[in-house]
Amino acid sequence: MVGLPYNEYFSEEGYEVVKILREANMYFDTYSDAIVFINNNIADIEIWWKEKRRIYITRQLKSKYIWCSDNAKKEWINEFLKI
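The shown structure was predicted, so the numbers you read here are calculated from the model rather than taken from an experiment.

(A) Spotlight on a nonpolar patch on the surface. Together, Trp76, Phe80 and Ile83 make up a nonpolar patch on the protein surface, roughly 450 Å² of accessible area in all. Its location among the elements puts Ile83 in the segment after helix H5 (72–81).

Below, the structure is given as structure tokens:
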């Protein structure tokens, strides 16, 4: 993710999330920082994503902020069949 380092719309909790993501190189303040990081790590990006720290952070954030059904595929199919 790329964004501004200080955003008046972030809550204290939001700043903490950004801090965690920034420390894990999952959030960058500028596009140029993100580009440099990606270019320096592109050869091993799959390995980078699968590092335990990033998996842990991703799971923690998903469990706190994202709801996803265990039956999502089936539920979407049922919704499309209603159209």
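(B) Just the packing of helix H1 (residues 12–23) against helix H4 (residues 52–65), in detail. Taken N-terminus to C-terminus, the directions of H1 and H4 make an angle of 160°; their axes are 10 Å apart at the nearest point. In terms of orientation, H1 and H4 fall into the roughly antiparallel class. Like other packed secondary-structure pairs, H1 and H4 cross with a definite hand, here left-handed. Residue-level inspection shows Glu13, Val17, Ile20, Leu21 and Glu23 of H1 in contact with H4, the latter providing Arg53, Ile57, Leu61, Lys64 and Tyr65.

(C) Representation of the confidence of the model for the chain within the structure. Considering every residue of the chain, the mean pLDDT works out to 87; 90% of them sit at 70 or more. At the level of individual helices and strands, the chain shows its lowest average pLDDT in H1, which scores 90, and its highest in helix H2 (residues 31–41), which scores 93.

(D) Structural context of the nonpolar core. Core analysis: the largest hydrophobic core is formed by 12 residues, namely Val17, Val18, Leu21, Ala24, Met26, Tyr27, Phe28, Ala34, Phe37, Ile45, Trp48 and Ile57. Among the secondary structure elements, those contributing two or more residues to this core are H1, H2 and helix H3 (45–49). Sorting elements by how many residues they give to this core places H1 first, with three residues. Leaving out residues up to four positions away in the same chain, Phe37 has contacts with Asn25, Phe28 and Trp48.

(E) How the structure looks around the packing of aromatic side chains. Tallied over the full model, the rule gives four aromatic pairs. Between the aromatic rings of Phe28 and Phe37, the centroid separation amounts to 5.3 Å while the plane-to-plane angle is 40°, which identifies the pairing as tilted. Take Phe28: its relative accessible area is 12%, and that puts it in the buried class. An aromatic cluster is built from Phe28, Phe37, Trp48 and Trp49, whose rings are joined through pairwise contacts.

(F) Broad picture of the pattern of salt bridges. The tally for this structure, following the rule as stated, stands at four salt bridges. Its salt-bridge partner being Lys64, residue Glu13 comes within 2.9 Å of it at the nearest N-O pair. Placement of the pair is Glu13 in helix H1 and Lys64 in helix H4, with a sequence separation of 51 residues. On the basis of relative accessibility, which here comes to 55%, the residue Lys64 falls in the exposed class. Residues Lys82 and Glu79 are paired through a salt bridge, measuring 3.1 Å at the closest nitrogen-oxygen approach.

Scoring rules and cut-offs
- Position labels on residues start from 1 in each chain and follow its written sequence.
- The model is predicted, so local features are restricted to residues of pLDDT at least 70 and side-chain atom pairs to those at 80 or more, both for listing and for counting; the totals for chains, interfaces and linings are taken over all residues.
- Computation of side-chain values: all heavy atoms of the structure, hydrogens and water removed.
- Residues forming no salt bridge and having over 30% relative accessible area are the ones grouped into patches, like charges within 9 Å of each other and nonpolar side chains (Val, Leu, Ile, Met, Phe, Trp, Tyr) within 5 Å.
- Computed with a 1.4 Å probe, the accessible areas rest on the Shrake-Rupley method; for each residue, only the protein chains presented here act as cover.
- Any Lys or Arg side-chain nitrogen located within 4 Å of an Asp or Glu carboxyl oxygen qualifies as a salt bridge.
- Put simply, DSSP H or I for four residues or longer makes a helix, DSSP E for two residues or longer makes a strand, and each gets a number counted from the N terminus.
- Every angle, taken between N-to-C directions, lies between 0 and 180 degrees, and every axis is a line fitted to C-alpha atoms, over only the stretch in contact when it is a helix.
- Each angle gets one of four labels, with under 35 degrees taken as roughly parallel, over 145 as roughly antiparallel, 65 to 115 as roughly perpendicular, and the rest as oblique.
- Crossing handedness follows the turn of the near helix against the far one: under a right angle anticlockwise gives a left-handed crossing, and clockwise gives a right-handed one.
- Two residues qualify as a contact provided that any one of their heavy atoms is within 4.5 Å of a heavy atom in the partner residue.
- Per-residue confidence from the prediction method is given by pLDDT, with values spanning 0 to 100.
- In plain words, nonpolar cores are sets of buried Ala, Val, Leu, Ile, Met, Phe, Trp, Tyr and Cys residues tied together by side-chain atoms within 4.5 Å.
- A 1.4 Å probe rolled over the protein chains alone gives each residue an accessible area, and that area as a share of the maximum for its type sets the label: buried under 20%, exposed over 50%, partly exposed in between.
- Working definition: rings of Phe, Tyr and Trp (its six-membered ring) pair if their centres are within 6.5 Å, and the pair is stacked with planes under 30 degrees apart, edge-to-face with planes over 60 apart, and tilted otherwise.

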